[in-house]
Amino acid sequence: MKSYKILFLAGSQNLYGSAALDVVNNNLRAIVEGLNASSTISCTIVYLPCLTDSGVIEKSILMAENDPDCAGIITWMHTFSPSKMWISGLKRLTKPYLHLNTQYNRDIPWETIDMDFMNLNQSAHGDREHGYIAARLGLPRKVIAGHWQDDRVRREIDVWMRAAVGALESNRLKILRISDNMRDVAVTEGDKIEAQIKLGWQVDHYGITDIENEMKSVSRVEAEAVFEEYSKDYLIDTDNIDSVKYQAKIEAAIKNFLEKNGYGAFHTNFQDLGALKQLPGLAVQNLMKKGFGFGAEGDWKVAALTRIMKLMSKGHQGGTSFIEDYTYHFEPGNEMLLGAHMLEVCPSIADDKPKIQVHPLGIGDREPPARAVFKAKAGKAIVASLVDMGYGLRMIVNDIECQKQKNEIPHLPVASALWKPFPDLKTSAQAWILSGAAHHSVLSYDLTAEHMRDFCEMKGIEFLHINKNTEILSYRKELELSEFLWKNKK
Ligand code: MN
């Protein structure tokens, strides 16, 4: 995460004289160094001397725009920085924008406060002047207020930063479609042009033949190396080693193809397996564990979102996976949802060491595929779904609490997560379905709805959040308003 840069642009003006501006720069440097030294802050914040005229403001913003490693800018008006000076620069800004309303001093020095102090601690009014011009220009931005040493403020900055990394990586994400989507299914479809315009995703199709050909060039050594990884990271709980080795070969082939062609995410389709003897299962799971995005049944949107959410949560250990709403537990007072997929759930969310097993699959018409079987850990998480509404893309996020899975499911040998959605299963399911959210989603223990809200704001797409306060009648109203708003956005 430290390789991503955020430019810190502090505003002032020449009215104060150079001695005052020296103090401003010292304060500014202390803030930037303080934030960079904090373990809460993931990216590298870059110090620039305070900006005092429109030429240098525009140049600094263009510096952020042109740097491929720069994910966004933070602005802060240390002193009063007349904001007409910011118009030309801000008009050039397309990258994520955080306005940090802070102040070098935490407390008012009651005994000694005088006009000199006031000249150097003006963000209370300087940042209001700055906020006006951003509002007037209609710029999407996040505003965080509070003292820069406050841990809550730092956590908020980090949420925004991680979303900015997602937005940056989104711009260069390429998604490999192996075949098309599952016949007749609607929600996994979508406007790929819209996705590229709004999110930057390049979505390409290849045939299963391309993967078959790639498999032919996988060497014995390569496949053996993948199998060794399996033996190390998982418990081999089957005698059918040939089936496991076949998944190792598929994995090597898909990985080679992804890397050779610069793809960060991919999907498969069990209706189009060509000469493949098994549906990719363990292969897909291990690729997800390595950070690739995945979607089943032709779902390129969820594949891409898995990739982006994995990149946004880099360095955190909770785990992020493709998941499907599988089946309900309607026990009164203990309602839950079992999430799983027939094979492809990411081992990064496992509570225990996954077991590799081989079982027949009632779908796909192939040999029994090897898969990693495990239970997902307990803890707070989110599920996120991205759908195409025709007028644009919509993201829906639901806060959930994953449960310790006490029950064995011996006859359903899949990786699974069991959760209680907020505010409760009944309301969550109603709201999710009313929103048109998919049965496929991305489950993450590392990200919150706030990360995803920031990401959607940066990318200019609709965002809806089902949470502990959701009440169905007001949610329906919110949906109506949201749809009206986004349908009519220019
Ligand atoms: Mn599915």
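None of these values were measured; they are calculated from a predicted model. (Residues numbered from 1 in each chain as written. Predicted model: local features only at pLDDT ≥ 70, side-chain atom pairs only at ≥ 80, totals over all residues. Heavy atoms only, no water.)

**A short note on the overall build of the protein chain**
Link 1 in the chain: The number of helices and strands found in the protein chain is 15 helices and 19 strands.
Link 2 in the chain: Here the protein chain has a C-alpha radius of gyration of 25 Å; the compact-globule value for 490 residues is 23 Å, and the two agree.
Link 3 in the chain: Expressed along its principal axes, the backbone C-alpha trace of the protein chain runs to roughly 80 × 55 × 40 Å.
Link 4 in the chain: Burial analysis of the protein chain (490 residues in total) assigns 57% to the buried set.
Link 5 in the chain: Partitioning the contacts of the protein chain with sequence separation of at least 6, the portion at a separation of at least 24 is 78%.
Link 6 in the chain: Summing over all exposed atoms, the protein chain offers an accessible surface of approximately 21200 Å²; the carbon and sulfur share of this is 52%.
Link 7 in the chain: Within the protein chain, the 63 negative side-chain charges are centred at a point lying 2 Å from the centre of the 57 positive side-chain charges. (Helix = DSSP H or I, 4+ residues; strand = E, 2+ residues; numbered from the N terminus. Rg over C-alpha atoms; globule rule 2.2 N^0.38 Å. Buried < 20%, exposed > 50% of the residue type's maximum accessible area, 1.4 Å probe, protein only. Contact = heavy atoms within 4.5 Å. Areas by Shrake-Rupley, 256 points an atom, 1.4 Å probe, with all protein chains shown as cover. Lys, Arg positive; Asp, Glu negative; His and termini not counted. Charge placed at Lys NZ, Arg CZ, Asp CG, Glu CD.)

**Section: a positive patch on the surface**
Link 1 in the chain: Among the surface-exposed residues, R220, K245, K249 and K277 lie close enough to one another that they form a single positively charged patch.
Link 2 in the chain: Relative to the elements of secondary structure, K245 occurs in helix α10 (residues 241-261).
Link 3 in the chain: Given a relative accessible area of 34%, K245 falls into the partly exposed group. (Patch = residues over 30% accessible without salt bridge, like charges linked within 9 Å, V, L, I, M, F, W, Y side chains within 5 Å. Salt bridge = Lys/Arg side-chain N within 4 Å of Asp/Glu carboxyl O.)

**Some thoughts on the sheet that holds strand β14 (residues 370-373)**
Link 1 in the chain: Pairing is mixed across the open sheet formed by 3 strands, whose spatial order is β8-β13-β14. Of all the strands in the sheet, just β8 (235-236) and β14 have a single pairing partner and so form its edges.
Link 2 in the chain: Relative to β14, strand β13 (residues 355-358) runs antiparallel, the two being bridged by 4 bridges. Residue pairing in the sheet places Q357 in a bridge with R371 of β14. (Pairing = 2+ DSSP bridges.)

**Considerations on the domain arrangement of the protein chain**
Link 1 in the chain: Domain annotation for the protein chain reports domain 1 (5-170) and domain 2 (174-487).
Link 2 in the chain: On a C-alpha basis, the centroid separation for the pair domain 1 and domain 2 is 38 Å.
Link 3 in the chain: Taken together, the 14 residues of domain 1 in the interface contact 16 residues of domain 2.
Link 4 in the chain: Summing both partners gives a buried area of about 1200 Å² for domain 1 against domain 2, and 58% of it is carried by carbon and sulfur.
Link 5 in the chain: There are 2 salt bridges connecting domain 1 and domain 2.
Link 6 in the chain: Across the pair E450 and K142 runs a salt bridge, and its minimum N-O distance is 2.9 Å.
Link 7 in the chain: Applying the counting criterion to the domain 1 and domain 2 interface returns 7 residue pairs in polar contact (both at pLDDT 80 or more).
Link 8 in the chain: Among the elements that line the side of domain 1 that touches domain 2, the one with the most residues is helix α6 (residues 151-171), at 10 residues. (Domains from an automatic or database assignment. Buried area = accessible area lost by both parts, 1.4 Å probe. Polar contact = N/O pair within 3.5 Å; in protein donor to acceptor, adjacent residues only side chain to side chain.)

**Regarding the coordination of the manganese ion**
Link 1 in the chain: The coordination sphere of the manganese ion, as far as protein atoms go, consists of E297 (OE), E324 (OE), H341 (NE2) and H440 (NE2), spread over 2.0 to 2.3 Å.
Link 2 in the chain: Within one chain, the residues donating to the manganese ion are spaced in sequence as E-x26-E-x16-H-x98-H. On the criterion of sequence distance, the pair formed by E297 in the loop between β10 (293-295) and α12 (300-312) and H440 in strand β18 (residues 440-444) is long-range, its members being 143 residues apart. Of the two residues examined, E297 and H440, each falls in the buried class. (Donors = N, O, S within 2.8 Å, 3.2 Å for Na, K, Ca; no water.)

**Section: the layout of surface pockets**
Link 1 in the chain: There is about 560 Å³ of room inside the largest pocket.
Link 2 in the chain: Taken together, 24 residues make up the lining of the largest pocket; nearest its centre are G460, I461, E462, W486 and K489.
Link 3 in the chain: Elements with a minimum of two residues in the lining of the largest pocket: α7 (192-199), α14 (449-459), β19 (462-466) and α15 (472-487).
Link 4 in the chain: Of the residues forming the lining of the largest pocket, the biggest block, 5 residues, is contributed by α14.
Link 5 in the chain: A per-class count over the lining of the largest pocket returns 9 nonpolar, 5 polar and 10 charged.
Link 6 in the chain: Taken as a whole, the second largest pocket encloses approximately 370 Å³ of empty space.
Link 7 in the chain: What lines the second largest pocket is a set of 21 residues, and nearest its centre among them are T94, K95, P96, M458 and K459.
Link 8 in the chain: Broken down by secondary-structure element, the contributors of at least two residues to the lining of the second largest pocket are α6 and α14.
Link 9 in the chain: Top element by residues in the lining of the second largest pocket is α6. It accounts for 5 residues.
Link 10 in the chain: Among the residues forming the lining of the second largest pocket, the class breakdown is 11 nonpolar, 2 polar and 8 charged.
Link 11 in the chain: Composition of the lining of the second largest pocket by domain shows at least three residues from each of domain 1 (5-170) and domain 2 (174-487). (1 Å grid on protein atoms, 1.4 Å probe; cavity = no way out; pocket = protein on both sides within 12 Å on 5 of 7 lines; lining within 4 Å. Points joined across faces, edges and corners; volume = space filled by probe spheres on them. Nonpolar A, V, L, I, M, F, W, Y, C, P; charged D, E, K, R; others polar.)

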